[in-house]
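# Breakdown of the fold
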Amino acid sequence: MSSYAWRQLGLTYIQYSNACARAVRNSLKPELKVEGLKRGNSLVKVTRWAEGKPVTSPQAKAAKGSG
């Protein structure tokens, strides 16, 4: 058998890893579950780059100036 089980199921490694992490968090004892579920939330910030510098959009500039 040269292939991994998650590949045979048609999953990417990230999908497989997320499913395993979710299963572990769901199996935690109630007193630890709250902290474990917090780790499931994440934020992603995307920055476009051009010519070696971050490019900001007009909306981002307006939001910075309004605060």
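All residue numbers refer to positions counted from 1 along the written sequence of the respective chain. Note on the predicted model: pLDDT of at least 70 is required for a residue's local features to be given, and 80 or more for side-chain atom pairs to be given and counted; whole-chain, interface and lining totals, by contrast, use all residues. Only hydrogens and water are set aside; all other atoms, that is, all heavy atoms of the structure, feed into the side-chain values.

Each helix and strand in the protein was counted, giving four helices and two strands. Going along the chain from the N terminus, every DSSP run of H or I of four or more residues is numbered as a helix, and every run of E of two or more is numbered as a strand. If you list the helices and strands of the protein from N to C, you get α-α-α-β-β-α. Partly exposed describes any residue whose relative accessible area lies between the buried limit of under 20% and the exposed limit of over 50%, with all areas from a 1.4 Å probe on protein chains only and scaled to the type maximum. Residues counted as buried form 3% of the 67 residues belonging to the protein. Summing over all exposed atoms, the protein offers an accessible surface of approximately 6500 Å²; the carbon and sulfur share of this is 57%. Each accessible area is a Shrake-Rupley estimate made with a 1.4 Å probe; only the visible protein chains count as cover when residues are assessed.

Structurally, A5 is set in helix 1 (residues 5-8). Classification of A5 by relative accessible area gives partly exposed; the value is 48%. Measuring from C-alpha to C-alpha, the distance between A5 and Y16 comes to 9.7 Å, with eleven residues separating the pair along the chain.

In this analysis, a patch consists of residues with relative accessible area above 30% that form no salt bridge, clustered at 9 Å for like charges and at 5 Å for the nonpolar side chains Val, Leu, Ile, Met, Phe, Trp and Tyr. Any carboxyl oxygen of Asp or Glu within 4 Å of a side-chain nitrogen of Lys or Arg constitutes a salt bridge here. Taken together, the side chains of L9, L11, Y13, I14 and Y16 present a nonpolar region at the surface, about 530 Å² in accessible area. Relative to the helices and strands, I14 is located in helix 2 (residues 13-26).

What characterises a pair of aromatic rings is the spacing of the ring centres plus the angle enclosed by the ring planes. Pairing of aromatic side chains here covers Phe, Tyr and the six-membered ring of Trp, requires ring centres within 6.5 Å, and sorts the geometry by plane angle: under 30 degrees stacked, over 60 edge-to-face, intermediate tilted. Taken as a whole and judged by the stated rule, the model has four aromatic pairs. For the ring pair Y4 and W6, a centre distance of 5.8 Å and an interplane angle of 5 degrees mean the geometry is stacked. W6 gets classed as buried once you look at its relative accessible area, which sits at 13%. Taken together, a centroid distance of 6.2 Å and an interplanar angle of 50 degrees make the contact between Y13 and Y16 tilted. In this pair, Y13 and Y16 both sit in helix 2, three residues apart, roughly one turn of the helix. Each member of the aromatic cluster is reached from another via a ring pair, and the members are Y4, W6, Y13 and Y16.

Here we take up unusual backbone geometry. Notably, E51 is not glycine yet its phi reads approximately 55 degrees, a positive angle. In this fold, E51 is placed in the loop between strand 1 (48-50) and strand 2 (53-55).

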